[in-house]
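Structural overview
One-letter residues, chain by chain:
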Amino acid sequence: MNKSIAVAAVILAAGLARAADEGVALTVYNQNFGVVRETRAVAVPEREGWIRFTDVAAQIDGTSVQFKSLTDPAARVLEQNYEYDLVSADKLLQKYIDRTLNVLTKDGSRYAGTLLSFDPNQLVLRQDKDIVMVQRGDNVKDIQFGALPDGLITKPTLVWKLATAKPGKQLVEVAYQTGGLNWHADYNAVLNDKDTALDFGGWVTLDNQSGATYKDAKLKLIAGDVRKVQPQAPMGGFKARAMIDRKSTRLNSSHLVISYAV
């Protein structure tokens, strides 16, 4: 039977068991989302420095991220960022406006100039005093860029500015919620000829469209409904604030269920 789960309790429920070593624990709900909890060794360069945490899910909910240093529990997060501006052809071109690039067309012609603009049909380049329009599509065989522009990355990345008394190698724990994870179960029952015995089998299909790979992850599958508590809309033109009071907390073997009243 399905259980109602307050969305505020999802990550807390996934983090009840704490890992002591590096690894990934994945809790997948059958509502196209899941919770990732990863313990990883990272390098903290100085007492107040930056940590980059790559290979996170592309569908991550950035507001759900939790960070903890297991090496230095007193460490404080001063700033947190989620970098998701991934490299693509058009993003590279956009970053290269007013910069020099080289274009090779299918007939062997080469064009080197300052990129002024582009659209799906053509590139507009300045070569000395001339303006050249190069047709795109099948006509462009190769575009050469000098370097990867600032602000573009190849993988979604979480970044923290951390204040710690123990710079160097640290074991940290990161938890977050992501979309694109789902599962369902199928069952098969076969009776014998005399209808006196039953051969019953079942299997689970896990669908991962989150944009990340979870190698050797510890897996937990939960069937349940997530209930999102929404603040009441103001009425009669008065400003109102919804006060949410926690009424009860209940824990069973597979769920942490928190009931709220608004």
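Preceding this section is the structure that the text describes.
These remarks concern the structure in this document. In this convention, every chain numbers its residues from 1, walking through the sequence in written order. Local features in a predicted model are, by the rule used here, given only for residues with pLDDT of at least 70; side-chain atom pairs are given and counted only at 80 or more, and totals for whole chains, interfaces and linings are based on all residues. With hydrogens and water stripped out, all remaining heavy atoms of the structure feed into the side-chain values.

**Description of the overall build of the protein chain**
A run of H or I in DSSP becomes a helix once it reaches four residues, and a run of E becomes a strand once it reaches two; helices and strands are each numbered from the N terminus. Within the protein chain, the regular secondary structure consists of two helices and 19 strands. Summary of the burial criterion: residues with accessible area below 20% of their type's maximum are buried, those above 50% are exposed, and those between are partly exposed, where the area comes from a 1.4 Å probe applied to protein chains only. Within the span of the protein chain, comprising 262 residues, buried residues form 33% of the whole. By the convention used here, residues are in contact when the closest approach between their heavy atoms is within 4.5 Å. Restricting the contact set of the protein chain to residue pairs at least 6 apart, pairs at least 24 apart contribute 66%. Total accessible area computed for the protein chain in this model is approximately 16400 Å², and 49% of it derives from carbon and sulfur atoms. Under the convention used here, a 1.4 Å probe and the Shrake-Rupley method define accessible areas, while residue burial counts only the protein chains that appear.

**Things to note about the pattern of salt bridges**
Between Lys or Arg on one side and Asp or Glu on the other, a salt bridge is scored when a side-chain nitrogen of the former is within 4 Å of a carboxyl oxygen of the latter. Applying the stated criterion across every chain yields a total of four salt bridges. Two residues, R37 and E173, come together in a salt bridge whose shortest N-O distance is 4.0 Å. Taken together, the residues span a long stretch of sequence, with R37 in strand 3 (residues 33–44) and E173 in strand 13 (residues 168–179) at a distance of 136 residues. Across the pair K161 and E48 runs a salt bridge, and its minimum N-O distance is 3.7 Å.

**So, a nonpolar patch on the surface**
On the surface, Y187, L191, L198 and F200 cluster together into a nonpolar patch covering about 490 Å² of accessible area. Among the elements of the structure, strand 14 (181–191) and strand 15 (198–208) are those that each provide at least two residues to the nonpolar patch. Mapping F200 onto the fold places it in strand 15. By relative accessible area, which is 53% here, F200 ends up exposed. Within the patch definition used here, like charges are joined within 9 Å and nonpolar side chains (Val, Leu, Ile, Met, Phe, Trp, Tyr) within 5 Å, considering only residues with over 30% relative accessible area and no salt bridge.

**Some remarks on the sheet that holds strand 4 (residues 48–53)**
For two strands to pair, DSSP has to find at least two bridges joining them. Pairing within the open sheet is antiparallel, and its three strands lie in the order 4-12-6. A strand with exactly one partner marks an edge of an open sheet, and here the two such strands are strand 4 and strand 6 (76–83). Each adjacent strand pair in this sheet contributes to an overall mean axis angle of 20 degrees, direction not counted. Here strand 4 pairs with strand 12 (residues 157–163) via six bridges, running antiparallel. Every axis corresponds to a line fitted to the C-alpha atoms, with the helix fit spanning only the stretch in contact, and the corresponding angles, defined between N-to-C directions, vary from 0 to 180 degrees.

**Details of unusual backbone geometry**
Phi is positive for N32, which is not a glycine, with a value near 65 degrees. Positive phi values are uncommon outside glycine, yet D98 reaches one of about 70 degrees.

**Quick notes on the nonpolar core**
Here is a general trend for soluble globular proteins: nonpolar side chains tend to be buried in one another's company. F53, L158, W160, V174, Y176 and Y214 are the most contacted members of the largest nonpolar core, which totals 24 residues. Those elements that place two or more of their residues in this core are strand 2 (23–29), strand 3, strand 4, strand 12, strand 13 and strand 14. Counting residues in each nonpolar core, the second largest holds 10 residues, with L93, Y96, L101 and L125 among its members. Residues enter a nonpolar core if they are buried and are Ala, Val, Leu, Ile, Met, Phe, Trp, Tyr or Cys, with the set joined through side-chain atoms within 4.5 Å.

**Details of the sheet that holds strand 16 (residues 218–222)**
Pairing is mixed in the open sheet, where five strands are placed in the order 5-13-3-2-16. Two strands lie at the open edges of the sheet, namely strand 5 (66–69) and strand 16, each paired on one side alone. Taking the axes of each pair of neighbouring strands and ignoring which way they run, one obtains an average angle of 15 degrees across the sheet. Across seven bridges, the pairing between strand 2 and strand 3 is antiparallel. Within the sheet, the bridge partner assigned to L26 lies in strand 3 and is V36.

**Quick look at the packing of aromatic side chains**
Two aromatic rings from Phe, Tyr or Trp, using only the six-membered ring of Trp, form a pair when their centres are within 6.5 Å; if the ring planes differ by under 30 degrees the pair is stacked, by over 60 it is edge-to-face, and anything between is tilted. The tally for this structure, following the rule as stated, stands at five aromatic pairs. With 5.8 Å between their ring centres and 75 degrees between their planes, F53 and W160 make a pair best called edge-to-face. Of the two residues, F53 sits in strand 4 while W160 sits in strand 12, which places them 107 residues apart along the sequence. Judged by relative accessible area, which is 0%, F53 ranks as buried. Residue W160 is classed as buried on the basis of its relative accessible area of 0%. Between the aromatic rings of Y96 and F145, the centroid separation amounts to 5.0 Å while the plane-to-plane angle is 65 degrees, which identifies the pairing as edge-to-face. Residue Y96 is found in the loop between helix 2 (89–95) and strand 7 (100–105), and its partner F145 is found in the loop between strand 11 (140–144) and strand 12; the two are separated by 49 residues along the sequence. By way of ring pairs, the aromatic residues F53, F67 and W160 are connected into one cluster.

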